[in-house]
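For reference, the chains in residue letters:
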Amino acid sequence: MPPVLALMIWLVLLLGLLCFDPAREPGTSFALWIPLLWMLIIGSRLPSQWFGLQVGSLAQAMSEGNPLDRTIDLAMIVISVAVLATRSFNWSGFLLRNLALTAFVMFALLSIVWSDFPFVAFKRWFRDLGNYLVILVVLTDPRPLEAVRALLRRFSYFLIPLSIVLIKYYPGMSRQYDPWTGSFADAGVATSKNMLGVVCLVSGIFFVWDTLTRWPDRKERRTKKILLVDLAFLAMTLWVLNLTKSATSGVCLAIGSLVIWMVKTGWGRRHSGLIKVMIPTGFCLYLVLAFGLNLNGELAQRLGRDPTLTDRTLIWNTVLSIRTNPLVGTGYESFWLGPRLDRIWEITGRVNEAHNGYLDVYLNLGLIGVFLLVLFLLSSYRTICENLTLHSELASLSLAIWTILILYNVTEAAFKGGLLWLVVLLGSVVMPQRSVEPLADKMPMESGRLTSRSRRFDLNPASRGR
């Protein structure tokens, strides 16, 4: 099949699916396309990369960015602020109910003062501020649960099939080559196999959650159609994930699916308190085994993989050998700039992240930044657990993504602006009571489970008591 024809078929099928999607819910706002576009850019490539625009050398591009990218980001940020203004968003209530997140974001802004590249740091902070604004556009939608579902579903509709088309018909555009060994990995719509793995991870965990959530109503005609779409896209997602050979994303998808399954079963409903204790306890045990007893290296070697975790240990040792302020770091997103970047590239090659989210935060924001990040993670876990107790339907997905996030960042960097970070915010941000309360409906219960009549309810019921 000619590549252009394959691309046209993808576009026609995409438009048909968006127009005649059996899972389509009326009533969601048109403004939902703004956070969708934001997520599509984060999950794939920058507009300048799609159009093949370059700005000097790679190091120069990392520090200066591209005018096209900045213009599009600014436009979406301005539109998001305008949407929130029309909805009379309660900013003071939001900030007070999310103190840990507010402190983390504000400390990041303050760190620009001691950055070696204050203007670049501010530009990056302002760009990442858009992550929170687009999430608020979703959560202030007249139908927030349906908005979250539509956002994640449309995200998968766009990127998973397009990745298949690019991998099969545009290999020159979708393959990532190793300059040292000559081997390649399929990157699809993304810029690397690891980033494509994250796209598959978010898509896969959504379709697992949506399938298990709708399964009790599987005899309904409409639900049958939705489940068929879910299973088809889940199969495509797993196929693409297998091509990426991203071990981290594969393991995280399995763990996240297990968490959702446990919560959805009768055993999970009866022992929800045990699940809440198991997840952080299991993570702490994993850290002890992984770094205290070198479990990661031993396991990788037994599976025939690189015991250095694809040179991650070399990267960790290299970045830790570079002198930084241990208390406040180098400034927001400033570590991977200037002479430090040149020195790292001389030793490890062209990497621009520490391949460990916690270490990456430490390098940029120091121990204070790590403390504030952990404080937010604990606060968000508390919110998710409260929502789980109050039977919020989104709680099981939020719990799975939160678990994935803390595990994924052990070998990758996905805090502050990645897809996983955005999806965690969807389920852990506490909305002001004024914004949430009018949307809250009573959840009809029947035989201990939600009935199909439950279409609207409080997305974040934990916010009621705060």
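Refer to the structure printed above.
Bear in mind the structure is a predicted one, so any value in this text is a computation, not a measurement.

S.K.: Just to check I follow, could you spell out the packing of helix 17 (residues 312-321) against helix 19 (residues 357-389) for this structure?
M.R.: Packed helices, taken two at a time, are described by their axes: the angle between them and the distance between them. Between helix 17 and helix 19, the shortest axis-to-axis distance is 11 Å and the interhelical angle comes to 15°. As judged from the angle between their axes, helix 17 and helix 19 are roughly parallel. At the point where helix 17 passes helix 19, the crossing takes the left-handed sense. Here Trp316, Val319 and Leu320 of helix 17 come into contact with helix 19, specifically with Leu359, Tyr362 and Leu363. Taken together, the residues of the contact of helix 17 with helix 19 break down into six nonpolar, no polar and no charged.

S.K.: Just to check I follow, could you spell out the environment of Leu145 for this structure?
M.R.: Examined against the element boundaries, Leu145 turns out to sit in helix 9 (residues 144-169). Residue classification places Leu145 among the buried residues on the basis of a relative accessible area of 3%. Sequence-wise, Leu145 and Thr28 are 117 residues apart; in three dimensions their C-alpha atoms are separated by 9.5 Å.

S.K.: Is there a simple way to think about the environment of Ile275 in this case?
M.R.: As for its placement among the helices and strands, Ile275 is situated in helix 15 (residues 272-292). Along the sequence, Ile275 and Val263 sit 12 residues apart, while their C-alpha atoms lie 7.9 Å from each other.

S.K.: What am I meant to see in helix 18 (residues 338-348) here?
M.R.: Residues spaced three or four apart along an α-helix face the same direction, because each turn holds 3.6 residues. For helix 18, the full list of buried residues reads Arg340, Leu341, Ile344 and Trp345. Down the axis of helix 18, the buried side of the element spans an arc of 130°, and every buried residue falls inside it. In helix 18, the exposed positions that point more than 90 degrees away from the buried face belong to Pro339 and Glu346.

S.K.: Can you walk me through the packing of aromatic side chains in this structure?
M.R.: To describe a pair of aromatic rings, you give the distance between the ring centres and the angle between the ring planes. Here the structure, examined in full by the defined rule, presents 15 aromatic pairs. Both rings, one in Tyr358 and one in Phe415, keep their centres 5.2 Å apart while their planes meet at 75°; by these two values the pair is edge-to-face. Residue Tyr358 is found in helix 19, and its partner Phe415 is found in the loop between helix 20 (395-408) and helix 21 (419-428); the two are separated by 57 residues along the sequence. You'll find Tyr358 and Phe415 in the same group, each marked buried. Through a chain of ring-to-ring contacts, three or more aromatic side chains come together here, namely Phe104, Tyr358, Phe376, Phe415 and Trp421. One residue, Arg45, lies across the ring of Trp50, its end atom 5.1 Å from the ring centre. The ring centre of Trp33 lies 4.8 Å from the NZ or CZ of Arg154, which sits over that ring.

Calculation criteria
- Residues numbered from 1 in each chain as written.
- Predicted model: local features only at pLDDT ≥ 70, side-chain atom pairs only at ≥ 80, totals over all residues.
- Heavy atoms only, no water.
- Axes fitted to C-alpha atoms, helices over the stretch in contact; angles between N-to-C directions.
- Helix = DSSP H or I, 4+ residues; strand = E, 2+ residues; numbered from the N terminus.
- Parallel < 35°, antiparallel > 145°, perpendicular 65-115°, else oblique.
- Left-handed = near helix turned anticlockwise from the far one by under 90°.
- Contact = heavy atoms within 4.5 Å.
- Nonpolar A, V, L, I, M, F, W, Y, C, P; charged D, E, K, R; others polar.
- Buried < 20%, exposed > 50% of the residue type's maximum accessible area, 1.4 Å probe, protein only.
- Arc of directions from axis to C-beta.
- Phe/Tyr/Trp six-rings, centres within 6.5 Å; stacked < 30°, edge-to-face > 60°.
- Lys NZ or Arg CZ within 6 Å of the ring centre and 35° of its normal.

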